[in-house]
Structures are given as structure tokens and as C-alpha cells.
Amino acid sequence: MSKITFFIPYPEIIPVVEDVFQEQGTDGWELEIVLSKFVREIADWKDTGTDVLIARGVTAAALKKIVRGTPVVELPVSGYEVMRAIWECQKKYAPRKIAIVGSRDMIYGVKKIEEIIGIELMVVEVQHEDEAESVLQAVKDSGVSVIIGGVMSTWVAKRIGLQAEFIQIGQDAIYRALSEAKRVALVRRQEQERGEQFRAILEYSTEGVVAVDADGVINLINAAAVKLANVNEEAVGLPVDNVFPQLGLTKALESGRAELGEIETINGQPMAVNRVPFSIGGQAVGAVATFQPVSVIQELEGKIRRKVYQRGHVAKLTASNILGKSPAIQRAIAIAKEFSDINSTVLIMGETGTGKEIFAQSIHNASGRKKGPFVAVNCAALPENLLESELFGYTEGAFTGAARGGKIGLFELAHMGTIFLDEISEISHKLQGRLLRVLQEREIMRLGDDKLIPINVRVIAATNQDLYRLMRKGLFREDLYYRVDILRLVLPPLRERREDIIPLLHHFLKEYCHHFNKKFRDISPEAQRLFQDYYWPGNVRELRNVAERLAALSRSGVIEPEDVEGMFAQSPDQAHAAVPVSGVESALMYTAGGTDLNRTLLMKALEESHYHYGKAAAKLGISRTTLWRRLKENDSRK
């Protein structure tokens, strides 16, 4: 709702004003009418939130000076209204000379009427009520006996013995005044809204903002600039080079060129500065600079990465999810907790299925980076070129098939968090070199780009290979080895923590029986001995798989030896020969140099699984990655 206040000099005009207001439409508008013959009466008027004022003559002139900040629309005096007043004077007084008295806007152009009516007109300007009597007395002394004017002028004239005729307010003038008042009020409301938006942007922006005029004098500075630069709020009006020489605004005025993303030291800390000159008609009229700490930009960048690109890169597991009470596993948990407080690279070593990623997640969640992303990548699961683009990202057009706009890499996604590089031993020599640079310089370069991007990432690597042996054979870079093997965590295989086998089996059986809606009561002592005597080449992962199969096939709720038959090797003496339930005839053969799978066995499993690598790996009791690697190793020996 916008409000118009209409000052009128006599009550008879009130119905006309109200009728015109109703005729124009009152939706969204409120009208206040104030009866005021004299300027001194304005002092008693209380502004109740008026958007625009309407008045005539001396009253309008006075309001413009008294009421600051509220626009005043002057009620126009038309030539027709002046002519009507002159006509009335001629009828009543037949004067030879008439003085027309009023404010400048009221009497402007009236002298031209003299040529039409043939009567001499004296035009007299009165700007203030206090001067009206002296001015009119001078008019009287000049021989003029009749005046035409507004209410105040005619009242004073009659008091000093002059004849006077009031210039009536016409309906057309009221209509035009109300229309103009509405237009002014709407424009003023829009300007106020823009002003409030501008003020909010300045005051609540985290960036410092400083603006100067064409002479390099500060005419605007916001609260953030005062705080960031530690300057006085009274800097407005001072030369910018005296207060902010680092902003380079004088240089921007001279060059006429915008400079974005410049790094300057302000108040002892690096700031990212943008300076932009602005001109009108090719003439520089000022410049503005914005600046904020580089550290804030880096923190904001990290938040954006986590919020926009994280997409599930979260560590969900903690040390409480690591099952087992044996001294070996408890010792590993204790070491992992110690490593959590250190930001150095961690190398987790352990056989397949020992829980390397669980330990990696627990280290992350116990560290100061727990609120940051946890990005896990299996280095053996992707071809070299795909792994490179996934790790480091790429720009648009970097290679055939590159996504429009490029893609952010996993290292960037892990900014302010942790990246887990599983099976790091499988990275090619080329990628090992790029990874070494990341660990040394803490910066990456996207494929197809020439810009270095700083990152703050903790690296946790994992392998089931002997990296030292690979390094001695030239299969793993020596410089990278010593960068990765800083904090070493060796996870014990299940056969070295046999006291955990039965508790783990109980836990998994309960979990899967609940999932399959089956009852589970116990494991017979004879069945327990079979589990205790087995070698468990697949470690906890294999134990979980066996538990799932037992739960799926269980009928009585008690696991007996006959239930276990076919799950793994029949005889405990065959410690190095575990045969899965698939019917594959050969066994897992263990050599002095580590575990190895016979190619015939691998191919047999693939054939039986119709070359489905996931199903073949499950039948062999190993991971899909291990199956893929064993085939690769066998091929390289040919």
C-alpha cells in the first residue's frame, strides 16, 4: 500500500479531490488530505509514512525544504485557471493593472497572457510566507490595487487593503497531480527496493568493496572492507592511494582495463582482488574493487566440492565396525588410531579380504578430516587411460569422447578429505610418476590443461603385494615407494587370528539368517573345528561368503559338519588347497613367493561361469581384481 498526502488550501475542494482519486482507482493506494492555508501549519503535521506529497505554490516550495527525503509533486496552475481569475477581477474591479503573485513554478509563463487580454500584468514571485507581506506592500505602493494568487497571498493582500482574487484549483490539475504522484511513488518504491538490495549486498557481502570517483577519491566502502583491511570507517572522502594503495584503483582508472583475480597482500594476508573501472560515454567516471582472503576462497571451494560433487564419497565405517578380539587385530586397530592423528600418507598392507578399506575409513573418520570427503578408487579395476582421467580429471576436448565442460578428478573431489588408493601396486609406471608429483607438490593438472590446481588431500594406499619386492624388481618406482611407505599398517590374515574365526562366523550367520528370515541357533563343535583348521586364503571376505551360503542353505538352525562339506577343502591337512563349491577340480596352489593360481584352474572357473569374471572369482574364493591380475601375470610369463 502506497500513501499520497494532498495539501489543500480550502475545504470546498475536498470532494473534488476524493472523486478524482476514486475515479483513477484506489487499489494499492491510500489518500490523506491535509487542510493547510499557511506554511506555519505544516509544522503541526505528522508524517505517517507518506510516499509522496502534493501541494501548490508557496506550500509546495516550503514542503520541499521542510520534508526531506519525500518527493513533492506541485499542483500545476494552468493558463485557463489564471485566465478565469483575471476574468473575475475584470468583472468585479475593472482594474487597469493586476499583480499575479505566487511561487516561481506557479507564475512561470503568466506574462505571456498579457498580450492576449490587453491588461498590464505584474508578475511577483513569493517563495516564503514570511516575505509575503513586505512584497505585497511594495506591490501596493507601486499603484497596483488588485492581485491574483493563492490562499496565503490573497489573505495577506486583503489584510493590507488590496483587492484579491484566488486562483481556483481545477479538476484537471487535480487529476494530473494525482497521476504524477502515483508515478513518482512507484518510481520511488522501485528505487528504495534497489537501494535496499544494494545496501544488503554491500553490508552482508563477505567481500570487501571499495569504490572511487574519477579523481580516485573513495565514495563508498562497505563493512567487510573496513574489517578485512583494518581501516577507519571514515575513509570515505580520502584519496584511495592513501588508504588502499594495494587495490590499484588509480591504475585501473588510468588504463581503463578490468583486472580480475589478482593476488595482493592487504593487512598482512594474501587477498584475491578484482578491480574494474566504469565509464559513461567513453569517459572514466570511477572504479570499484572487490577483495577477499585467499583462504576464504579455498575454504569455500572445498565446501562446494563436498556439497556439489561429493555424490556419496563418504566414509561410513569406524573402528567399531572392525570385528575381532584377538591381540593381532586389536594391535592393528590401535596402530590405525595412532595414524589417524597424523596427516602423513598411510600404506595398508594385507592379503585379499583382510579389511583394508574398513581400516582406511576408520582412519579417516577418526582424523581431523572426518567432515571432508572420503574418495575410494580401485586402481586395478580401470584401464590406465581411464584411471588417469578419473584421478586427475580433464578439460573439454582433452580427448575423443571427453564430456562437454570437462570433468573434475577424484583428487579434486577429495580436497580437504582423504583419497583411498586400493591396489596401488597395479598403477602403471606413467601414472606412478604423476602420483609422485601429487604427493610431493600437493597439486594436480587436469588432462588437456596447463593450469596447476592446489589440493589438500591425505592419501591412504593399500596393497596385497609386497611393494618392496616389486620395487627391487623395477615394477614399482623407488621414489614413489618411499613416498607411500611412510606410515605402514600390516593387517593380519585370518589364519593368524584364529580365535576370531568362530565369533566372526556367529556374527555373519546371525546377520544373513535374519536377512533370509531363517533361524540360527548354534554351530556344532565338530563344525567349529573344520572352520578352525581351514587355511582361509580369502580371509574375512571368504568367511563372510561361506556364512552367507550356509545361511541360505540352512534348515535346522544348527550348523553341522555335513553342512560345511563342499564349502572348502575336505581335509585340514590340505592347508594349501581350498576348493570352492563350484566343482573346479584343481586347487589353490601356494608357492614360497606368495599365492599363485594355476591358469588351468582360472580358465576352468571362467568357463563354468560363462566368462562372468565376478561369478568366477566367487567360485575361486577370491576377488574379481585378484582374478584379473592372476590372469595378467600368467599371460606375462608366457
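Just above, that's the structure.
Being a predicted model, the structure only gives us computed values, none of them experimental. (Residues numbered from 1 in each chain as written. Predicted model: local features only at pLDDT ≥ 70, side-chain atom pairs only at ≥ 80, totals over all residues. Heavy atoms only, no water.)

Visitor: Could you give me a rundown of the packing of aromatic side chains, with the residues and numbers involved?
Guide: Enumeration according to the criterion identifies nine aromatic pairs in this entry. For the ring pair phenylalanine 531 and tryptophan 536, a centre distance of 6.0 Å and an interplane angle of 5° mean the geometry is stacked. Both residues of the pair, phenylalanine 531 and tryptophan 536, count as buried. Pairwise contacts between aromatic rings join Tyr468, Tyr481 and Tyr482 into one cluster. (Phe/Tyr/Trp six-rings, centres within 6.5 Å; stacked < 30°, edge-to-face > 60°. Buried < 20%, exposed > 50% of the residue type's maximum accessible area, 1.4 Å probe, protein only.)

Visitor: Describe the pattern of salt bridges, with residues and values.
Guide: All told, the structure shown has 25 salt bridges when counted by the stated rule. For lysine 64, the salt bridge is made with glutamate 74, and the minimal N-O distance between the two is 3.6 Å. Separated by ten residues along the polypeptide, lysine 64 in helix 2 (residues 57–66) and glutamate 74 in strand 4 (residues 72–74) bring together distant segments of the chain. Overall, the relative accessible area of 18% leaves glutamate 74 in the buried class. With a shortest N-O distance of 2.4 Å, aspartate 485 and arginine 488 are connected by a salt bridge. A relative accessible area of 15% means that aspartate 485 is categorised as buried. Connected through salt bridges with shared partners, the residues Lys251, Glu259, Glu264 and Arg275 form a single ionic network. (Salt bridge = Lys/Arg side-chain N within 4 Å of Asp/Glu carboxyl O. Helix = DSSP H or I, 4+ residues; strand = E, 2+ residues; numbered from the N terminus.)

Visitor: Tell me about the pairing of strand 7 (residues 146–149), and name the residues and values.
Guide: Of the two faces of strand 7, both are covered, the one formed by Val146 and Ile148 as well as the one formed by Ile147 and Gly149. In this structure, strand 5 (residues 97–102) lies alongside strand 7, joined through three bridges in parallel fashion. Along strand 7, the bridge assignment pairs isoleucine 98 with valine 146. Taken together, strand 7, helix 7 (residues 151–159) and strand 8 (residues 163–166) constitute a β-α-β crossover, and its handedness is right-handed. (Pairing = 2+ DSSP bridges. Right-handed = clockwise from strand over helix to strand, strands pointing away.)

Visitor: Can you explain the nonpolar core? Please cite residues and give values.
Guide: Among the nonpolar cores identified, the biggest contains 35 residues, and Leu391, Phe411, Ile419, Leu421, Ile424, Leu435 and Phe476 are the most heavily contacted of them. If we skip the residues at most four places from it in the chain, phenylalanine 476 touches Ile424, Ser425, His429, Gln432, Leu467, Leu470, Met471 and Tyr481. Counting 25 residues, the second-largest nonpolar core is a separate cluster that includes Leu494, Ile501, Leu550 and Ile559. (Core = buried A, V, L, I, M, F, W, Y, C linked by side-chain atoms within 4.5 Å. Contact = heavy atoms within 4.5 Å.)

Visitor: I'd love a proper account of helix 22 (residues 539–553), names of residues and values included.
Guide: An ideal rise of 1.5 Å per residue puts 21 Å on 15 residues; helix 22 measures up with 21 Å between its terminal C-alpha atoms. If you check which residues of helix 22 are buried, you get Asn539, Val540, Glu542, Leu543, Val546, Ala547, Leu550 and Ala551. Close packing links the buried residues of helix 22 with helix 20 (501–515), helix 21 (525–533), strand 22 (558–559) and helix 23 (561–564). (Expected span 1.5 Å × (residues − 1).)

Visitor: Give a description of the sheet that holds strand 13 (residues 283–293) that names residues and reports values.
Guide: Taken in spatial order, the five strands of this open sheet run 10-9-13-12-11, and their pairing is antiparallel. Strands at the two margins of the open sheet, each flanked by one partner only, are strand 10 (218–221) and strand 11 (259–266). The mean inter-strand angle of the sheet, taken between neighbouring strand axes irrespective of direction, is 25°. Note: strand 9 (residues 208–213) against strand 10, three bridges, orientation antiparallel. Among the inter-strand pairings, alanine 211 is bridged to a residue of strand 10, identified as leucine 220. (Axes fitted to C-alpha atoms, helices over the stretch in contact; angles between N-to-C directions.)

Visitor: How would you sum up helix 7? Please name residues and give values.
Guide: Buried within helix 7 are the following residues: Val151, Met152, Ser153, Thr154, Val156 and Ala157. Those residues of helix 7 hidden inside the fold are in contact with helix 2, strand 5, helix 6 (132–141), strand 7 and strand 8. Once helix 7 ends, the next one or two residues include glycine 161, with phi positive near 95°.

Visitor: How would you sum up unusual backbone geometry? Please name residues and give values.
Guide: The residue asparagine 230 is not glycine, and still its phi comes out positive at about 55°. Relative to the helices and strands, asparagine 230 is located in the loop between helix 9 (223–229) and helix 10 (240–243). For arginine 442, which is not a glycine, the phi torsion comes out positive at approximately 55°. Of note, arginine 442 is situated in the loop between helix 17 (429–441) and strand 17 (443–444). Residue class for arginine 442 comes out partly exposed when judged on its relative accessible area of 28%.

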